[in-house]
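Chains, contacts and geometry: an overview
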Amino acid sequence: MKKVLGFIAMLAVGGLLGYVGATLVLGDREPDGVPVLPEDYGTYLLLLLPVIYLVVVGIHELGHVLAGRWQNFKFYNLTIGPFAWKLDDDDRVRFVWNKNLNVAGGVAVMLPNGSNALRKRFMWFAAGGPLASLVLAMTCYPLAQVFGETSFLRFVAYTTAALSIVIFIATILPFRTGGFASDGLRILTFARNGATALADLTGLRALAHLRAGKAYDELPVEEMAAVSANEEVPGQQRVTMDYYRYLHAIGVGDIAKANSLFTSVMDRLDVYPSGTHGNFFLEEALFSAKYLNDLPAAEAAMEKVTSSPMTEPLSIHLANAAIAELKGDAEALATELPGIEKGLARSMDQSRVSTIRTWLSGWKDLVAKG
């Protein structure tokens, strides 16, 4: 209920800012004395607030998606309030309901194809949202002039323009909150090309590495260790480097080191947005079951999982399968195998696919034996 009330409050504040912005820019009245907004604007504002907010945020996030496609990023997920579109196992975009209010504002998840010119490409990706908001405002403001002075559509266009300007300003300013960096901060970080930018670029290269299906043991672990140890770098990037170092340790077969690194990551999980925590708990469940043979730890991790549109179904199937294997539950294991096979081709982490195929072969043998 607290999150629901917070989401409603966010809508209310956004609508109020949009109205105030329209009033400040346009004045309370036109030169001929006709009100810019209908006298009963309060009722209209209350009724239209969720729709206008979702449209404005949606256009902003679509700006990121279009810029990402232009810069050869692969689309995985778009979340706008309670609505989400994600890539399914057949490489088709499908609609799902977003029930996780931690990511209800608006999120576009895209990963780079290839590692060339990542700094420039990511700057354009980050700028896509604010530019889309600015274009929407510049489109709606003159459009409002077309409608009659007391027209309902005139009010809608003015409010949309004002709220778009508010979103543009709010996202172009450089700040960090709740584990998220604003678009402006990301652009400024890469423009400065300092320690934080180098950390982000290391992370982006790692994502491109995983997307390309290269082996974990080929990750640039020394570079990642240097970022992790650099206290000038924000905590989130440092923890992310330790997560990639954990994957490298798995790749070289050093499970003890992998366990140490992953424990360190989980101890600092609060540096990430809470809406992403479920993915880490799924990884904890899989690692505990498959690499540590620790059933209680794996089951405890699964109890903490909160799914979101950013959660890959493959991760859920893998964790459940590994737990079913430890339990010796062939029936439960069998139910997870089709989802695993379907999800392999679209996984964000193609580096793990060959290992999963080996697991699949063993799991099928267990199922066949009953």
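The next subject is the environment of Leu-360. Summarising the element assignment, Leu-360 is placed in helix α14 (residues 353-369). Leu-360 gets classed as buried once you look at its relative accessible area, which sits at 5%. Taking C-alpha positions, Leu-360 is 8.2 Å from Glu-341, a pair spaced 19 residues apart along the chain. If we skip the residues at most four places from it in the chain, Leu-360 touches Leu-337, Ile-340, Glu-341 and Leu-344.

Turning our eyes to something else, we now look at the environment of Ala-368. With respect to the helices and strands, Ala-368 occurs in helix α14. We classify Ala-368 as exposed; its relative accessible area is 68%. Along the chain, Ala-368 and Ala-330 lie 38 residues apart, while their C-alpha atoms are 8.4 Å from each other.

This part takes up helix α11 (residues 295-303). Within α11, burial applies to Ala-298, Ala-301 and Met-302. Here the buried residues of α11 occupy an arc of 100° about the axis, which is enough to place them on one side. Looking at α11, the residues exposed on the side facing more than 90 degrees away from the buried face are Pro-296 and Glu-303. In this structure, the buried residues of α11 make contact with α10 (277-290) and α12 (313-327). Backbone nitrogen of Ala-297 and a side-chain oxygen of the N-cap are separated by 3.1 Å at the start of α11; the cap is Asp-294.

Before going further, it helps to examine the pattern of salt bridges. By the definition in use, this model includes 8 salt bridges. Of the charged contacts, one joins Asp-183 and Arg-186 as a salt bridge, the two residues approaching to 2.5 Å between their closest N and O atoms. Taken together, the residues span about one helical turn, with Asp-183 and Arg-186 both in helix α5 (residues 183-192) at a distance of 3 residues. Between Lys-364 and Glu-341 there is a salt bridge; the shortest N-O distance is 2.5 Å.

The subject of this paragraph is the side chain of Thr-196. Here Thr-196 shows up in helix α6 (residues 195-211). Residue Thr-196 is classed as buried on the basis of its relative accessible area, which comes to 19%. Not counting residues within four places of it along the chain, the set of residues in contact with Thr-196 comprises Thr-189, Glu-232, Val-233, Pro-234 and Gln-237.

Moving on to the nonpolar core. Tyr-243, Tyr-244, Tyr-246, Leu-247 and Phe-280 are the most contacted members of the largest nonpolar core, which totals 26 residues. Those elements giving two or more residues to this core turn out to be α6, α7 (221-229), α8 (235-251), α9 (255-267) and α10. Of the residues forming this core, the biggest block, 8 residues, is contributed by α8. In this view, Tyr-244 contacts Gly-203, Ala-206, Leu-207, Leu-210, Leu-219 and Met-224; residues no more than four positions away in its chain are not counted. Counting 23 residues, the second-largest nonpolar core is a separate cluster that includes Ala-301, Ala-322, Ile-323 and Trp-359.

Rules and cut-offs
- Every residue gets a number counted from 1 within its own chain, in the order that chain's sequence is written.
- Reporting in this predicted model follows two pLDDT cut-offs: at least 70 for local features of residues, and 80 or more for side-chain atom pairs to be given and counted; totals over whole chains, interfaces and linings ignore these cut-offs and use all residues.
- Excluding hydrogens and water, the side-chain figures rest on all heavy atoms present in the structure.
- We count a stretch as a helix when DSSP gives it H or I for four or more residues in a row; a strand needs E for two or more, and each element gets its number in order from the N terminus.
- To sort residues, take the accessible area from a 1.4 Å probe on protein chains only and compare it with the maximum for the residue type: under 20% means buried, over 50% means exposed, and anything in between is partly exposed.
- Residue contacts are counted whenever heavy atoms from the two residues lie within 4.5 Å of one another.
- Note that the arc is computed from the directions linking the helix axis to the C-beta atoms.
- In protein, a polar contact means a hydrogen-donor-capable atom and an acceptor-capable atom, both N or O and within 3.5 Å, with residues adjacent in sequence counting only if both atoms are side-chain atoms; elsewhere, any N or O pair within 3.5 Å suffices.
- By definition here, a salt bridge exists when the distance from a side-chain nitrogen of Lys or Arg to a carboxyl oxygen of Asp or Glu is within 4 Å.
- Buried Ala, Val, Leu, Ile, Met, Phe, Trp, Tyr and Cys residues form a nonpolar core when they are joined through side-chain atoms within 4.5 Å.

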